[in-house]
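# Coordinate analysis (summary)
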Amino acid sequence: MIVLALLFAVLGAASNAVGTAFQRKAAATVARGGGVRLLLALARRPAWAIGIAGVMGAALFQALALINGPMALVQPVFILELPFALLVAVPLLHRRLSADAWWAVGGVVAGLALLLAAAAPSGNRLQAGMDRWIPVLVIGSAAMAGAVLLACSASSPLFRAAALASAAAVGNALTAALLKSATDRLADDGLPAFLTTWQTYGFAITGVASLLLLENALQAGPLAASQPALTIGDAAVSLLLGVALFDEQIRTGWWLLPEATGVLLILWGVLRLTRVVPNLAGVVH
């Protein structure tokens, strides 16, 4: 089960990377703006359609991964979306990766492997009571709204992109948690149960909201601001939700040392990669 969860999570990260790369390409061709009007403009771009197909594929792989393994294991694997996105962007632009970029990719992969091996996330409870869902949804919604308000009041493109991406990261984590419960209903009780459980409509709403926030984050500023907040934020919030909602566990004690080392390697790799990705993605018009 864990092997399947990892396999589907890696496939989901790759599919999401394709989606992000093509959405970034489409967003760069649209005049400055936001909200629903931005989505209507993007819908006429073929690159955006490819990006949405990548996102839909990622959602399918994510659902398969979440039903086979804990959120604390599955969602951090989506950190691989960033190096995958870079590898997709390079052939699109007919460029080559520098040695520094390859070292950064290696750092992200090695850091993630070290983190997951040390943390060894366990537990695969698929449902949570409303006494857990209500505070999680209230706090998550408030965090998203607060980040959007901060973005609206900011003049710095870097800050706006980071704030909107952070809101999208929280939304993505909430979507994953709701998707995990809804998919379990589908697997256990069939389509009627899936269509009548509130989690199904919950993940649809949070998923659309996260997509809208992502589109605006990609347009608001460079990937150097939005991508780290999106990938690392999603993984961190998902880990917290796995513990709070589904009683998932990670190893502590002296294991915190290699876990922290893995996190630092990931942060180093992500920050190095974002120095390359904006320069590549910025010329896709």
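Rules behind the numbers
Residues numbered from 1 in each chain as written. Predicted model: local features only at pLDDT ≥ 70, side-chain atom pairs only at ≥ 80, totals over all residues. Heavy atoms only, no water. pLDDT = per-residue confidence, 0-100. Helix = DSSP H or I, 4+ residues; strand = E, 2+ residues; numbered from the N terminus. Contact = heavy atoms within 4.5 Å. Expected span 1.5 Å × (residues − 1). Buried < 20%, exposed > 50% of the residue type's maximum accessible area, 1.4 Å probe, protein only. Patch = residues over 30% accessible without salt bridge, like charges linked within 9 Å, V, L, I, M, F, W, Y side chains within 5 Å. Areas by Shrake-Rupley, 256 points an atom, 1.4 Å probe, with all protein chains shown as cover. Salt bridge = Lys/Arg side-chain N within 4 Å of Asp/Glu carboxyl O. Phe/Tyr/Trp six-rings, centres within 6.5 Å; stacked < 30°, edge-to-face > 60°. Core = buried A, V, L, I, M, F, W, Y, C linked by side-chain atoms within 4.5 Å. Axes fitted to C-alpha atoms, helices over the stretch in contact; angles between N-to-C directions. Parallel < 35°, antiparallel > 145°, perpendicular 65-115°, else oblique. Left-handed = near helix turned anticlockwise from the far one by under 90°.

### As for the confidence of the model for the protein
- Mean pLDDT over the protein stands at 82; residues scoring 70 or higher make up 86%.
- Within the protein, helix H7 (residues 130-153) carries the highest mean pLDDT (92), whereas helix H13 (residues 277-281) carries the lowest (49).
- In the model, residues 280-285 has pLDDT below 50 throughout and makes 14 contacts with residues more than four positions away in sequence or in other chains.

### Structural notes on the environment of Leu-82
- For Leu-82, the location among the structural elements is in helix H5 (residues 81-92).
- In the structure, Leu-82 is positioned 192 residues away from Thr-274 in sequence and 8.6 Å away in space, judged by C-alpha atoms.

### Considering H7
- The end-to-end C-alpha distance of H7, which contains 24 residues, comes to 34 Å, matching closely the 34 Å that a straight helix rising 1.5 Å per residue would cover.
- Of all the residues in H7, the buried ones are Trp-133, Val-136, Gly-140, Met-144, Ala-147 and Ala-151.

### Details of a nonpolar patch on the surface
- On the surface, Met-130, Ile-134, Val-138 and Trp-198 cluster together into a nonpolar patch covering about 370 Å² of accessible area.
- With respect to the secondary-structure elements, Ile-134 resides in helix H7.

### Some details on the side chain of Ser-238
- Along the chain, Ser-238 turns up in helix H11 (residues 223-246).
- For Ser-238, a relative accessible area of 0% translates into the label buried.
- If near-sequence neighbours (up to four positions away) are discounted, Ser-238 is found in contact with Met-71, Gln-75 and Ala-173.

### Section: the packing of aromatic side chains
- Taken as a whole and judged by the stated rule, the model has five aromatic pairs.
- Measuring from centroid to centroid gives 5.3 Å for Trp-133 and Trp-198, while their planes differ by 85°, and the two rings are edge-to-face. Placement of Trp-133 in helix H7 and of Trp-198 in helix H10 (residues 198-220) is noted, with a sequence separation of 65 residues between them.
- On the basis of relative accessible area, Trp-133 is assigned to the buried category, the value being 0%.
- Taking relative accessible area as the criterion, Trp-198 reaches 33% and is therefore assigned partly exposed.
- For the pair Phe-194 and Phe-203, a centre-to-centre distance of 6.4 Å together with 45° between the ring planes defines the contact as tilted.

### Quick look at the nonpolar core
- Residues Leu-241 and Leu-245 are the most contacted members of the largest nonpolar core, which totals 62 residues.
- Among the elements that line this core, the one with the most residues is helix H8 (residues 157-189), at 15 residues.
- Ignoring any residue separated from it by four or fewer positions in sequence, one finds Leu-241 in contact with Met-71, Val-136, Ala-173, Leu-174, Ala-177 and Phe-246.

### Overview of unusual backbone geometry
- The backbone of Ala-120 sits at a positive phi, close to 45°, despite the residue not being glycine.
- Looking at the element boundaries, Ala-120 is found in the loop between helix H6 (99-119) and H7.
- For Ala-120, a relative accessible area of 31% translates into the label partly exposed.
- Phi at Asp-247 is positive, roughly 55°, even though this residue is not glycine.
- Topologically, Asp-247 is positioned in the loop between H11 and helix H12 (256-273).
- Since its relative accessible area comes to 38%, Asp-247 is described here as partly exposed.

### Points about the pattern of salt bridges
- Per the counting criterion, the structure on display carries one salt bridge.
- For Asp-247, the salt bridge is made with Arg-132, and the minimal N-O distance between the two is 2.8 Å. One end of the pair, Asp-247, is in the loop between H11 and H12; the other, Arg-132, is in helix H7, and 115 residues separate them in sequence.

### Topic: the packing of H7 against H8
- The interhelical angle for the contact between H7 and H8, taken along N-to-C directions, is 160°, at an axis separation of 8 Å. When the axis of H7 is compared with that of H8, the two are roughly antiparallel. Seen from above, H7 lies across H8 with left-handed handedness. For the pair formed by H7 and H8, the contact residues are Trp-133, Val-136, Leu-137, Gly-140, Ser-141, Met-144, Ala-147, Val-148, Leu-150 and Ala-151 on the first element and Phe-159, Arg-160, Ala-163, Leu-164, Ala-167, Val-170, Gly-171, Leu-174, Ala-177, Leu-178 and Ser-181 on the second.

### Brief notes about H6
- An ideal rise of 1.5 Å per residue puts 30 Å on 21 residues; H6 measures up with 30 Å between its terminal C-alpha atoms.
- Among the residues making up H6, those that are buried are Ala-101, Ala-104, Val-105, Gly-107, Val-108, Gly-111, Leu-112, Leu-115, Leu-116, Ala-118 and Ala-119.
- Remark: Ala-120 follows H6 within two positions and exhibits a positive phi of approximately 45°.

### Remarks on the environment of Gly-233
- Structurally, Gly-233 can be placed in helix H11.
- Considered as a pair, Gly-233 and Ala-169 are 64 residues apart in the sequence and their alpha carbons are 5.4 Å apart.
- Here Gly-233 is in contact with Ala-169 and Pro-228, once residues within four sequence places are set aside.

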